[in-house]
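Here's the letter readout for the chains.
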Amino acid sequence: MLSLVLWRLALIPLTVLGVVTILFLIFKAVPGDEATMVAGATATQAEIDVVRHQLGLDRPLFVQYADRVLGLARGDLGYSATFRGNPLPRILERVPATLLLTASAILLTVAAGIPAGILAASWRGRWPDIAVSGGVVALLAVPNFWLGMMLMALFSVRLGWLPSIGLTGPASLVMPTVALAARLIALVGRLVRGTVIEEQRKDYVRTAYAKGLATPRVLYRHVLRNALVPIVTVVGLQTGYLLGGSVVVERLFAWPGIGDLLLTAVGLRDFTLVQGITILFVVGFLLINLLVEILYRLINPRLR
Amino acid sequence: MDLTMKRRTALSLLAAAPATSALRAFAQGTVGAGLTYGMSTGVVTLDPVHGSYTGYPGGSEAALCVYDGLLTFAPDMKIVPQLAESWSMADDLKSCTLKLRGGARFHDGTPVDPAAVKLNIERLMDKQRNPTNRPLWDPVAGVETPDGNTIILRLSQPFPQLANSLAHVSGALVSPAAIEKYGDTGIAKNPVGAGPYRVVSFDPGQQLVLEAFDGYWGGKAKTTKLTLKTIADPSTRIAALRTSAADIVDSVPVALTAQLKQDPEVTLIATPGLRPIGFVINLTRPDLSDLRVRQALNLAVPVETIANKVFFGHARAPDSPLAFNTEGYASVAKLVHDPAKAKALLVSAGFTSDKPLELAMFVSQGLFPGDVSVGEIVANALTQVGVKVEITKIEAGSYWDAMRQDQANIKWDIAMFGFNPANASGLYHLASLFKSNKDDTARPDVWNLGRYRNAEVDRLLAEIGAEPDRAKAAADMAKAQALIWNEDPYIWLQINENVSAVRKAVTGVEVWPVLFTNVRHAAA
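This is a predicted model, so every value here is computed, not measured.

Structural notes on the overall build of chain A
- Summing up its helical and strand segments, chain A has 13 helices and zero strands in all.
- Out of the 304 residues belonging to chain A, those deemed buried represent 39%.

What to know about the overall build of chain B
- Secondary structure assignment for chain B yields 16 helices and 19 strands.
- In summary, chain B has a C-alpha radius of gyration of 26 Å against a globular reference of 24 Å for 524 residues, a match within 12%.
- Within chain B, the proportion of its 524 residues that are buried is 51%.
- Long-range contacts, defined here as pairs at least 24 residues apart, represent 68% of the contacts in chain B between residues at least 6 apart.

Examining the environment of Gly366 of chain B
Residue and element names in this part refer to chain B.
- Residue position: Gly366 is located in the loop between strand 14 (358–365) and helix 12 (371–384).
- The partly exposed category is assigned to Gly366, around which 14 C-beta atoms lie within 10 Å.
- Residues Gly366 and Ala402, spaced 36 residues apart in sequence, show a C-alpha to C-alpha distance of 15 Å.
- When neighbours within four sequence positions are excluded, Gly366 is seen to be in contact with Asp371 and Ala396.

Details of the environment of Asp33 of chain A
- Here Asp33 of chain A is to be found in the loop between helix 1 (2–29) and helix 2 (34–39).
- Between the C-alpha atoms of Asp33 of chain A and Val218 of chain A, which are 185 residues apart in sequence, the distance is 63 Å.

Points about the interface of chain A and chain B
- The interface is formed by 45 residues belonging to chain A together with 42 residues belonging to chain B.
- Those elements that provide at least two residues to the side of chain A that touches chain B are helix 2, helix 3 (45–54), helix 8 (144–158), helix 11 (215–252) and helix 12 (258–268) of chain A.
- Here the side of chain A that touches chain B is composed, by residue class, of 26 nonpolar, 13 polar and six charged.

Comments concerning the packing of helix 1 of chain A against helix 13 (residues 271–299) of chain A
All names here are of chain A.
- It is the contact of helix 1 with helix 13, at a shortest axis distance of 10 Å, that shows an interaxial angle of 150 degrees. As far as their axial angle goes, helix 13 and helix 1 are roughly antiparallel. In this structure, helix 1 meets helix 13 at a crossing whose hand is right-handed. Contacts between helix 1 and helix 13 involve Val5, Arg8, Ile12, Thr15, Val16, Val19, Val20, Leu23 and Phe27 on the former and, on the latter, Phe271, Gln275, Thr278, Ile279, Val282, Val283, Leu286 and Leu290.

Remarks on the sheet that holds strand 6 (residues 140–147) of chain B
Residues and elements named next belong to chain B.
- If you trace the four strands from one edge of the open sheet to the other, you get 4-5-7-6, paired in antiparallel fashion. Two strands close off the open sheet at either side, each with one partner strand: strand 4 (84–89) and strand 6. The average angle at which neighbouring strand axes cross in this sheet is 20 degrees, direction not considered.
- Lying on the sheet, helix 3 (residues 114–125) is in contact with strand 5 (95–100), strand 6 and strand 7 (150–155); it crosses strand 6 at an angle near 175 degrees.

Concerning the nonpolar core
- Core analysis: the biggest nonpolar cluster contains 219 residues, and Val188 and Ile277 of chain A together with Ile248, Ala415 and Ile491 of chain B have the highest contact counts within it.
- Element by element, the count of residues in this core is highest for helix 9 (residues 170–200) of chain A, at 14 residues.
- In this view, Ile491 of chain B contacts Gly278, Phe279, Ile281, Leu297, Asn298, Val301, Val378 and Ile414 of chain B; residues no more than four positions away in its chain are not counted.

A short note on unusual backbone geometry
Residues and elements named next belong to chain B.
- Look at Ser244: it is not a glycine, yet its phi comes out positive at around 65 degrees.
- For Ser244, the location among the structural elements is in the loop between helix 7 (234–242) and strand 11 (248–249).
- Not every positive phi belongs to a glycine, and Ala424 is a case in point at roughly 65 degrees.
- Looking at the secondary structure, you find Ala424 in the loop between strand 16 (414–418) and helix 14 (426–434).

Brief notes about helix 1 of chain A
- Taking 1.5 Å per residue as the helical rise, helix 1 of chain A with its 28 residues ought to reach 40 Å, and the 41 Å between its terminal C-alpha atoms agrees with that figure.
- For helix 1 of chain A, the tally of buried residues reaches only zero of 28 residues, placing the bulk of the element at the surface.

Things to note about the pairing of strand 16 of chain B
Residue and element names in this part refer to chain B.
- Here strand 16 lies mainly inside the structure; five of its five residues are buried.
- Side chains Ile414, Met416 and Gly418 project from strand 16 onto one buried face, and the interleaved Ala415 and Phe417 project onto a second face that is buried too.
- Bridge analysis of strand 12 (residues 266–281) against strand 16 gives five bridges, and the strand direction is antiparallel. Looking at the pairing, Phe279 lines up with Met416 of strand 16.
- Where strand 14 and strand 16 come together, two bridges link them in parallel fashion. From the neighbouring strand, Met361 faces strand 16, where its bridge partner is Ile414.

A closer look at the pairing of strand 6 of chain B
All names here are of chain B.
- Of the strand pairs in this sheet, strand 6 and strand 7 are connected by five bridges, and their pairing is antiparallel. What sits directly across from Asp147, in strand 7, is Thr150.
- Linkage of strand 6 to strand 7, two consecutive antiparallel strands, is achieved through a turn of two residues.

Some details on the environment of Leu153 of chain B
Residue and element names in this part refer to chain B.
- Structurally, the position occupied by Leu153 is in strand 7.
- Given 27 C-beta atoms within 10 Å, Leu153 falls into the buried group.
- Put simply, Leu153 and Asn423 are 270 residues apart on the chain and 18 Å apart in space, counted from C-alpha to C-alpha.

Focus: the confidence of the model for chain B
- When pLDDT is averaged across chain B, the result is 89; 93% of the residues are at 70 or more.
- Here residues 1–32 of chain B is modelled with pLDDT under 50, and outside its nearest four sequence neighbours on either side it reaches 22 contacts, counting other chains as well.

Description of the packing of helix 14 of chain B against helix 15 (residues 455–466) of chain B
All names here are of chain B.
- Direction vectors running N to C along helix 14 and helix 15 enclose 145 degrees, while the axes themselves pass 11 Å from each other. Judged by the sense of rotation from one axis to the other, the crossing of helix 14 with helix 15 is left-handed. The segment helix 14 lies against helix 15, with Leu427, Leu430, Ala431 and Phe434 engaging Val457, Leu461, Ile464 and Gly465.

Thresholds applied
- Residues numbered from 1 in each chain as written.
- Chains lettered and ligands numbered in written order.
- Predicted model: local features only at pLDDT ≥ 70, side-chain atom pairs only at ≥ 80, totals over all residues.
- Helix = DSSP H or I, 4+ residues; strand = E, 2+ residues; numbered from the N terminus.
- Buried ≥ 20, exposed ≤ 12 C-beta atoms within 10 Å, placed from the backbone.
- Rg over C-alpha atoms; globule rule 2.2 N^0.38 Å.
- Contact = placed C-beta atoms within 7 Å.
- Nonpolar A, V, L, I, M, F, W, Y, C, P; charged D, E, K, R; others polar.
- Axes fitted to C-alpha atoms, helices over the stretch in contact; angles between N-to-C directions.
- Parallel < 35°, antiparallel > 145°, perpendicular 65-115°, else oblique.
- Left-handed = near helix turned anticlockwise from the far one by under 90°.
- Pairing = 2+ DSSP bridges.
- Core = buried A, V, L, I, M, F, W, Y, C linked by C-beta atoms within 7 Å.
- Expected span 1.5 Å × (residues − 1).
- pLDDT = per-residue confidence, 0-100.

Now the structure itself:
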């Protein structure tokens, strides 16, 4: 177990190097010139050239690349024109807000998705099942930004119950969490329903009932434990999706996280900043995958 | 069962009633704690040099609260004194004498004296420190400080728009002591000016918290605490305004103005901008060098429909190459929509249905207001008079690059473009767009993208720059505008309004034609 963790951690720098290389190539290939953007819309060619020189964009490509990689090793992401320097501190100060949002979305997913799935499976074909399945379809069909806008229109503008923007307290967490988690709740609900129904047909369940165990005990002690493996996989993989979804949701709710910063960086064409945030997303994704793998081994004895 | 359900519902409703009012109070907790401006673009850096304020127009709007300059603009773009009490240009337009207002201080207590002004102007003059806004500062050659409240600016050439440069947001004065303390680049994060508000806390890109500066020379601001908060999403900005999370918002999408007008708690503030939008015509193409063809293109476009249907009346068709509020603007002629005449002109120029005029159109995506919709309407209108149009839509980030090519690489016949003269000077605007390029085959010197060339216009623009008689200069400006307008180097389209919105109780918010929502006088 320990060797697995160490091995995976050792692979992270290699992956990051690959990502940096790909990003570097992409940003050099796409149309649009960083110096032009920094100099501003009304800048003359001479002004743009001065800026290009100041940003070091007039050096040979491999020098720029080597500069990037070596800087990264020292924790220097490069010169961000937006922040006039290394943007790493500015990125890191945004991380807690994104982590808070992602964590609460996962919590909500587990707290709402699993019970809903069990409910639907135990009342299969009856109205709770129909309600849950209908809800699943609805949540999967609704894009998160639209759901967010509707929530805001209802709970902030019309009813005035929840704050519309920013991270101002526990109440401000509600709408972004729901908007971000909605799709994942639906996915998990559907998965739990299917898995539980599947497991209920298996021999060990019949044995459990034959032993005279009550339904809740069978369900929670035996069925759910076996159903947990695919659920952890899905939640784990989808956490990466949550990081992506946070970009949209954070922008919508003016949430001070890295997703919102990423959109700002793209708008300002600050390649250094975009690259830094992307690396952070990649590292986050790799760490989550590692965590899922560890969890996996804990709940599934066959993998130990 | 039925009964218990009912009882439960009733109970939960009872329990919920105080809870919801508590929630409501919590949600609106920001009310009474000063004013909040929800801005579309974030404030990231606040140094007038080193690339000026990042994030346009947000950075400039924050600068208007924190900094004062020697001169400034009134909401109608008239130039008025600020830290300078008076200013006068020499008759040869090659120097300017300014008298400082006595007793003004920066937020750190440093007096605003000629030495402070000299240091600031010299920072602006330095090309390495200040690579942007060069046309504004290049003509300044030196600063002299003969006594305790006089500053003489020496100019390398006659430069009547010096006042526009000094009033421009980049002409803000920074405390010399703060530059000493935080370093030449550190001021961007630790701005210390002589404006009505001083900085309490600054989270670049997120929010800037300001409080009224007790020692402001013009008297303490009416609002004690002013928060500038980034809310990038337009519908979120509107929601924030309607829930009082923001008291002022900028950049209201015109499609949402009708809905906002219904809200009795909200007031809209709309001001026509300084940026006329149009399609610049590639005059290096022989077909398009024929004036009849360019006239036909202009006659074909339903400009009134665009203003009213795409922009819901928050736009107007121009009647001069300059926008209505630009300094030196003179009306030339109203645009006419006459497709029949357009067809006839095209036929007389030799284009028929067998041999139609073919045009490659470049349109940006998300750079100009409603750019794609407007592009499609124009393409459709041109098609109706028999022109074949091929639209290429280009992502905003790479649009400038696609436009500013040398002649061999111009891939467009008509391309959407609009120029915003940030110093409100009409001469600067005309010279940037219509002064002949040194070499039409190279990249354009400034923004003469279509390679317009008219010796008479060049002569007039040069003369206006050196003309001491302002009446004569104004007459020449009008002449230049008429010459350009009648040659149709653009398909002229619209001048958009900048629309902001405030809570009913908020007063003093100005929306400047240069796109700035100025909140320095905001009060509630």
